[in-house]
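Structure at a glance
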Amino acid sequence: MEKNRILGEKPISQLLLKFSLPCVMGLLISAFYNIVDQIFIGNSDLGYLGNAATGISFPIVCICNAFAWCVGDGAASYLSICSGRQDSESAHRCVGTGLSSTLIISIVLSVISLVFCEPLMVLFGASDATLSLAANYFRIIAMFFPAYLMFNVMNSMIRADGSPTYAMVAMCSGAVLNIILDPIFIFWLDWGIEGAAIATVIGQMVSFIICSVYFFKPKSFKLLKESFHIKKDMLKHLVILGGSTFIIQISMVVMTLLSNITLAKYGSSSMYGSDIPISVFSIQTKVYTIVNNIAVGIALGGQPILGYNYGAKKLDRVKQTYRYILISSLSVGILATTIFELWPEKIILIFGKQNDLYMDFAIKSFRIFLALCFVTCFIKISSIFFQSIEKPIHSMVASIIRDMFCFVVFTIGLSMALEGKEIGKGIYGILFASPISDVISGIVIITMTISFFKKLGVEEEEERRENPVLAYFRSLSDSVTMGVRKVIGYVLGEEKSKN
């Protein structure tokens, strides 16, 4: 626990840079697992049908992530809070319970995915033209779910333990290997879409191995045999705390499933057909993932800082950390929105040159659907913020309001209304549903966040008023203790150097 004391002492700006930068880099490179597949497949003989096939498996992977990350991210958040409370006993229990539970969940999900592979592909939008490609890709991915899900959960725990650089190295190693192997397997060995899947799982295995090594010598806890015994009370607490992560992942599935069904239904009556819109949305989702990962990476980098200081009752540092996260994330979102509005065709052409109909729909989709993506960034970081400070209800509201409620309602309503006016126009309903959902959910979350910080400010002020003398001596005691530790550390360091 002593190693994480810097989280409550160093300037917030320095800490956030130290923790968020490697987190953002790791998540960005990780995003290339899927994006690189899309680029190479889109530029191969498979074309947009290959991109549609890989996009179909994406929501199923999100479902599997939802179950595993619910436990894993709950454990990561609770680990940060335990560090602030100096509770080493709960720390190793939560990590062990999280790892054991994730392993069991991932094995079950892998078996289910392999047994029901083709029905799942059809359910999530595979057409006669893409079913075989999608199934061949997904079977390989599903076989390695245990390594993939364990690696992601362990990576979150490593960041929460105060080692963001190590987490980045683990994530980047697998992603870089994937990027190298993709062209070799897809083009040189001519393995097609199966080659893309094999390159992906090899990268995931490497990341899993690197993460596993870390747990032999972590910072704030020590794993014992009994750590891995699943405790019901601990598991329940982790599930509640990680509930927002579950909802975020499931909401992505709902959005993707609804999008594919809507695009297939209304696209078939439009001049674009159904495969072009599904392919465009597959690419659009992966591109936005880059923006989302930067914003989420900033927030996740701040998670250990928020959790530690909230656990240590340093509320002023919690507020300051949130301000830095908010400003940074909004800046990224605004820049991305500008690029999507002004130069969408430049981004689309990276994934291969397609016909005029494809480009027409893709440009419209980027400009309308992602018009307010900076608001979406705010919504995502709000969910992570509340999760980090042990406010699961607030976090769940932030997770549900946009994707699970607003987007579903407006996609269905607008598509039906536009199709009723003119056949083929219903496909535009899903495009306009996104910015409308951003506006409404953004207002709700802003109101909720302002209310929370007002209450936090009142609690902080009451604590100072109730016992100002005690607060003064506590501050004085902390300063003296810190000074003594520095002197002792200096002396021990001198002695060590002499020896």
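Analysis parameters
Residues numbered from 1 in each chain as written. Predicted model: local features only at pLDDT ≥ 70, side-chain atom pairs only at ≥ 80, totals over all residues. Heavy atoms only, no water. Helix = DSSP H or I, 4+ residues; strand = E, 2+ residues; numbered from the N terminus. Contact = heavy atoms within 4.5 Å. Areas by Shrake-Rupley, 256 points an atom, 1.4 Å probe, with all protein chains shown as cover. Phe/Tyr/Trp six-rings, centres within 6.5 Å; stacked < 30°, edge-to-face > 60°. Buried < 20%, exposed > 50% of the residue type's maximum accessible area, 1.4 Å probe, protein only. Axes fitted to C-alpha atoms, helices over the stretch in contact; angles between N-to-C directions. Parallel < 35°, antiparallel > 145°, perpendicular 65-115°, else oblique. Left-handed = near helix turned anticlockwise from the far one by under 90°. Core = buried A, V, L, I, M, F, W, Y, C linked by side-chain atoms within 4.5 Å. Patch = residues over 30% accessible without salt bridge, like charges linked within 9 Å, V, L, I, M, F, W, Y side chains within 5 Å. Salt bridge = Lys/Arg side-chain N within 4 Å of Asp/Glu carboxyl O. pLDDT = per-residue confidence, 0-100. Polar contact = N/O pair within 3.5 Å; in protein donor to acceptor, adjacent residues only side chain to side chain.

Along the chain, the regular secondary structure elements total 18 helices and zero strands. Contacts in the chain between residues far apart in sequence, at least 24 positions, make up 83% of those at least 6 positions apart. Counting only carbon and sulfur atoms, one obtains 68% of the accessible surface of the chain, whose full area is about 21,300 Å².

Taken as a whole and judged by the stated rule, the model has 16 aromatic pairs. Measuring from ring centre to ring centre gives 6.1 Å for F138 and F145, while their planes differ by 70 degrees; the resulting arrangement is edge-to-face. Note on F145: relative accessible area 0%, which makes it buried. A ring pair is formed by F385 and F452, whose centres lie 6.0 Å apart and whose planes are at 80 degrees; its orientation type is edge-to-face. A residue pair is termed long-range when its members are at least 10 positions apart, and F385 in helix α15 (residues 373-388) and F452 in helix α17 (residues 429-466) qualify at 67 residues. The pair formed by F385 and F452 is uniform in burial state, with each residue classed as buried.

Okay, the packing of helix α3 (residues 88-115) against helix α6 (residues 145-160) next. Two numbers describe how α3 lies on α6: the axes approach to 8 Å, and their chain directions differ by 155 degrees. Regarding the angle of α3 to α6, the classification is roughly antiparallel. Seen from above, α3 lies across α6 with right-handed handedness. Counting all contacts with α3, which are made through V95, G98, L99, T102, L103, S106, I107, L109, S110 and S113, the residues of α6 involved are F145, P146, L149, M150, V153, M154 and M157.

What follows concerns the nonpolar core. Among soluble globular proteins, nonpolar side chains are generally buried collectively. Counting 135 residues, the largest nonpolar core has V95, M121, F215, F340 and F385 as the members making the most contacts within it. When sequence neighbours within four positions are dropped, the list of residues in contact with F215 reads V95, L99, M154, M157, I158, F221 and L223.

Residues L103, I104, I107, V108, V111, I112, V115, F116 and I230 make up a contiguous nonpolar surface patch of roughly 780 Å² in combined accessible area. Take F116: it is sitting in the loop between α3 and α4 (117-123). Exposure remark for F116: the relative accessible area of 45% places this residue in the partly exposed category.

The subject of this paragraph is the confidence of the model for the chain. Per-chain confidence: the chain averages 81 in pLDDT, with 87% of residues scoring 70 or above. Between the elements of the chain, mean pLDDT differs from a low of 49, seen in helix α18 (residues 468-498), to a high of 91, seen in helix α12 (residues 315-342). Every residue in residues 494-499 scores below 50 in pLDDT, and together they form zero contacts with partners more than four places removed in sequence or on other chains.

Tracing the backbone through its elements, the reader meets T200 in helix α8 (residues 192-214). The class of T200 is buried, set by a relative accessible area of 2%. For T200, the side chain forms a polar contact with the main-chain oxygen of A196, separated by 2.9 Å.

We note that D190 has phi near 60 degrees; this positive angle belongs to a residue other than glycine. Tracing the sequence through the fold places D190 in the loop between α7 (164-188) and α8. According to the relative accessible area criterion, D190 is exposed, its value standing at 62%.

To continue, consider the pattern of salt bridges. Following the criterion strictly, the structure yields five salt bridges and no others. Between E118 and R139 there is a salt bridge whose closest N-O contact spans 3.4 Å. With E118 in helix α4 and R139 in helix α5 (residues 131-143), the pair connects residues that are 21 residues apart, well separated along the chain. E118 gets classed as partly exposed once you look at its relative accessible area, which sits at 39%. Judged by relative accessible area, R139 falls into the partly exposed class, the value being 32%. Residue D403 pairs with R402 through a salt bridge whose shortest N-O separation is 2.7 Å. Here D403 and R402 have matching classes, each one buried. A single salt-bridge network, built from bridges that share partners, covers K380, R402, D403 and D438.

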